[in-house]
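One letter stands for each residue in the lines below.
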Amino acid sequence: MALTDSQIERYSRHIILKEVGGKGQQKLLNSKVLIIGAGGLGAPIALYLAAAGIGTIGIADADSVDLSNLQRQVIHFTPDIGKPKVISAKEKIQAINPDVQVRTYQQWVSAANIMELISQYDFVVDGTDNFAAKFLINDACVLAGKPYSHGGILQFVGQTITVLPGESTCYRCIFPTPPPKDAIPTCSQAGVIGVLPGVIGSIQATEAIKFLLGKGKLLAGRMLTYDALEMKFRDVTINRNPNCPICGENPTITQVRDELELLTVCDLEKP
Amino acid sequence: MTTIDLRGVSCPTNFVKAKLALEELETGDRVEILLDDGEAVKNVPRSLKGEGHKLLGLRETAEGHYLLEVEKGEE
Ligand SMILES: [Zn+2]
């Protein structure tokens, strides 16, 4: 399908790029990306992917907008308080770019629904704020062979890595098991500087776009960390772990499961 | 030879449209692009050259527009 005149205008700064062009923009318009979490990370991820013309954006989050979210979750506005986050996000995505089809899932991802959910998408972006979800997303994506971007933020520090299952380092190659409950302060207990998810989430959105275009070098096999206080980025090469419980030589995890101990870890913001 | 009429189309949309039209062709195919005087004729040929296309000729038409002949370069 040819681009319309208004699409040619809208995406002109993309089309001008050698690495994108009209064909690359068409690829983006035909792509499907699932964003898990419509919070701090999910906000810039959704806004930039919408602006970029990703044809279908799925967004999963069971939460509603709370006043304490607005310091960093820039897709939600003051009048959205009390509204389901996925609805608030959908309204902004459609206001930015009516080309985008939005599918909302007002639910937490769990072992029961995640495999079906991710199967409908080309790329998955982890914008969650708790370890249970991060391990679940990793396991589901590795088992399904679905490429995804991991992101995490705490206080002034963020990290991100892109996982190409079976090819590059996965989250469990680095952290074989979740930390024990309460070993690490949650974001609501520890705080987070509001601009931090803007930096990490924008990098995650960049990775999604590069993956879909098939251009550039992905953040695979390398964990990028960002310290906002020191203003330092570090890029650490991490090889695949032969003892990884899910993508190693003798995997012990062969199906997704919920980390029950951790389910509520970062869910304390709600009154 | 196909002619792409980009008269009245401003920068950078004229370049974007020329680029999109060339994407549809095979390497070595030739097209004529009709451009306005001024900014358009100054910028579009240069941008197309930067994309790796070959500029074969540029001539002014009787009406004061410019006809640019381009051969599509390697993808
Ligand atoms: Zn692994």
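Caption draft 1: Focus on the overall build of chain A. Across its full length, chain A carries 10 helices and 8 strands. Here chain A has a C-alpha radius of gyration of 18 Å; the compact-globule value for 271 residues is 18 Å, and the two agree. With the C-alpha coordinates of chain A rotated into their principal frame, the extents come out at 55 × 45 × 40 Å. Sequence-distant contacts in chain A: of pairs separated by 6 or more residues, those separated by 24 or more amount to 67%. Total accessible area computed for chain A in this model is approximately 12,100 Å², and 55% of it derives from carbon and sulfur atoms.

Caption draft 2: Examining the interface of chain B and chain A more closely. Counting residues at the interface gives 12 residues for chain B and 13 residues for chain A. For chain B, the biggest contributors to the area lost against chain A are Val16, Leu20 and Glu23 of chain B; these three give 40% of the whole. Here chain B and chain A share 2 salt bridges between them. The residue Lys23 of chain A makes a salt bridge to Glu75 of chain B at a minimum N-O spacing of 3.8 Å. Here chain B is connected to chain A by 8 residue pairs in polar contact (both at pLDDT 80 or more). In terms of residue count, helix α1 (residues 13-23) of chain B provides more of the side of chain B that touches chain A than any other element does, 7 residues in total. For the side of chain B that touches chain A, the residue count by class is 4 nonpolar, 3 polar and 5 charged.

Caption draft 3: Up close: the sheet that holds strand β3 (residues 54-60) of chain B. Residue and element names in this part refer to chain B. Spatially, 4 strands are ordered β1-β2-β4-β3 in an open sheet, and the strand pairing comes out mixed. Edge strands, defined here as strands with exactly one partner in the open sheet, are β1 (2-5) and β3. Taken over all neighbouring pairs, the strand axes of this sheet differ in orientation by 20 degrees on average, direction set aside. Against the sheet, helix α2 (residues 39-50) touches β2 (30-35), β3 and β4 (66-71), its axis set at about 155 degrees to β2.

Caption draft 4: How the structure looks around the packing of helix α4 (residues 42-52) of chain A against helix α5 (residues 85-96) of chain A. Residues and elements named next belong to chain A. α5 packs onto α4 with a crossing angle of 30 degrees between their chain directions and a minimal axis gap of 9 Å. The pairing of α4 with α5 is recorded here as roughly parallel in orientation. Classified by chirality, the crossing of α5 by α4 is right-handed. Judged by residue contacts, Ala46, Leu47, Ala50 and Ala51 of α4 engage Lys92, Ile93 and Ile96 from α5. Tallied by class, residues from the contact of α4 with α5 come to 6 nonpolar, no polar and 1 charged.

Caption draft 5: Molecular detail of the side chain of Ser88 of chain A. Mapped onto the secondary structure, Ser88 of chain A falls in helix α5. Discounting residues that sit within four places of it in the chain, Ser88 of chain A has contacts with Val65, Ile75, His76, Asp80 and Lys83 of chain A.

Caption draft 6: Layout of helix α10 (residues 196-213) of chain A. Residue and element names in this part refer to chain A. When the terminal C-alpha atoms of α10 are compared, their 26 Å separation across 18 residues agrees well with the 26 Å that a helix rising 1.5 Å per residue should span. With 13 of its 18 residues buried, α10 lies for the most part within the structure. Positive backbone phi, at 70 degrees, marks Gly214, one or two positions downstream of α10.

Caption draft 7: A look at the coordination of the zinc ion. All names here are of chain A. Bound to the zinc ion on the protein side are Cys170 (SG), Cys173 (SG), Cys244 (SG) and Cys247 (SG), at distances that span 2.3 Å. Angles of 94 to 118 degrees at the metal separate the 4 donor atoms of the zinc ion, which places the site in the tetrahedral class. Considered as a linear motif, the donors of the zinc ion on their single chain read C-x2-C-x70-C-x2-C. Taken as a pair, Cys170 in the loop between β6 (157-163) and α8 (171-174) and Cys244 in the segment after β8 (232-237) lie far apart in primary sequence, 74 residues in all.

Caption draft 8: View of α1 of chain B. Of all the 11 residues making up α1 of chain B, 9 are buried; the element is thus mostly covered by neighbouring parts of the structure. In this fold, the buried residues of α1 of chain B make contact with α1 (5-10), α2 (12-15) and α3 (21-29) of chain A together with β2, α2 and β4 of chain B.

Caption draft 9: Up close: the pattern of salt bridges. Applying the stated criterion across every chain, the model contains 16 salt bridges over all chains. Residue Asp80 of chain A is joined to Lys83 of chain A by a salt bridge in which the shortest nitrogen-to-oxygen separation is 3.0 Å. Residue Asp80 of chain A is classed as buried on the basis of its relative accessible area, which comes to 5%. As a salt-bridge pair, Asp5 of chain B and Arg7 of chain B come within 2.8 Å of each other at their nearest N and O atoms. In this structure Asp5 of chain B comes out as partly exposed when scored by relative accessible area, which is 41%. Judged by its relative accessible area of 37%, Arg7 of chain B is partly exposed. Among the ionic contacts, a cluster of salt bridges with common partners joins Asp80, Lys83, Glu91 and Lys92 of chain A.

Caption draft 10: Up close: the nonpolar core. All names here are of chain A. In this structure, Leu49, Ile54, Ile57, Ile59 and Ile93 are the most contacted members of the largest nonpolar core, which totals 33 residues. Counting residues per element, the ones that place at least two in this core are β1 (32-36), α4, β2 (56-60), α5, β4 (123-126) and α10. Sort the elements by how many residues they give to this core and α10 lands first, with 7 residues. Excluding anything up to four places from it in sequence, Leu49 contacts Val33, Ile35, Ile54, Ile57, Ala205, Ala208 and Ile209. One finds Tyr105, Tyr121, Ile137 and Cys173 within the second-largest nonpolar core, a separate group that totals 28 residues.

Rules of the game
- Positions within a chain are numbered from 1, following the residues in the order the chain's sequence is written.
- To read the labels, note that chains go from A and ligands from 1, taken in the order they are written.
- In keeping with the predicted nature of the model, local features appear solely for residues at pLDDT of at least 70, side-chain atom pairs appear and are counted solely at 80 or more, and the whole-chain, interface and lining totals rest on all residues.
- Excluding hydrogens and water, the side-chain values take into account all heavy atoms of the structure.
- Strands are runs of DSSP state E lasting at least two residues, helices are runs of H or I lasting at least four, and both sets are numbered from the N terminus onward.
- Atoms counted for the radius of gyration: C-alpha only. Globule rule: 2.2 Å times the number of residues to the power 0.38.
- The contact rule is simple, with two residues in contact once any of their heavy atoms fall within 4.5 Å.
- In these tables, accessible area is a Shrake-Rupley quantity obtained with a 1.4 Å probe, and a residue counts as shielded only by the protein chains included in the view.
- Once two parts are brought into contact, the accessible area they lose, counted with a 1.4 Å probe and summed over both, makes up the buried area.
- For this analysis, a salt bridge means a side-chain nitrogen from Lys or Arg found within 4 Å of a carboxyl oxygen belonging to Asp or Glu.
- Contacts described as polar in this section are N or O atom pairs within 3.5 Å, which, within protein, must combine one atom able to donate a hydrogen with one able to accept it, while residues neighboring in sequence count only if both atoms come from side chains.
- Put simply, Ala, Val, Leu, Ile, Met, Phe, Trp, Tyr, Cys and Pro go in the nonpolar bin, Asp, Glu, Lys and Arg in the charged bin, and everything else, Gly too, in the polar bin.
- Two strands pair under a simple rule: DSSP has to find at least two bridges between them.
- What counts as an axis is a line fitted to C-alpha atoms, over the stretch in contact for a helix, and the angles between N-to-C directions run from 0 to 180 degrees.
- Each angle receives one of four descriptions, namely roughly parallel if under 35 degrees, roughly antiparallel if over 145, roughly perpendicular if within 65 to 115, and oblique otherwise.
- Each helix crossing is assigned a hand: it is left-handed if the near helix lies turned anticlockwise from the far helix by less than a right angle, otherwise right-handed if that turn is clockwise.
- In this analysis, the expected span of each helix is defined as 1.5 Å times one less than the number of residues it contains.
- Each residue gets one of three labels from its accessible area relative to the maximum for its type: buried under 20%, exposed over 50%, partly exposed in between, using a 1.4 Å probe on protein chains only.
- Sites may look incomplete because water is not among the atoms; the donors themselves are N, O and S atoms within 2.8 Å of the metal, or within 3.2 Å for Na, K and Ca.
- Four donors are marked tetrahedral only if all angles between them lie between 85 and 135 degrees, whereas four are marked square planar and six octahedral if opposite donors are more than 155 degrees apart and the other angles lie between 65 and 115; the remainder are marked irregular.
- Note on terminology: a nonpolar core comprises buried Ala, Val, Leu, Ile, Met, Phe, Trp, Tyr and Cys residues joined through side-chain atoms within 4.5 Å.

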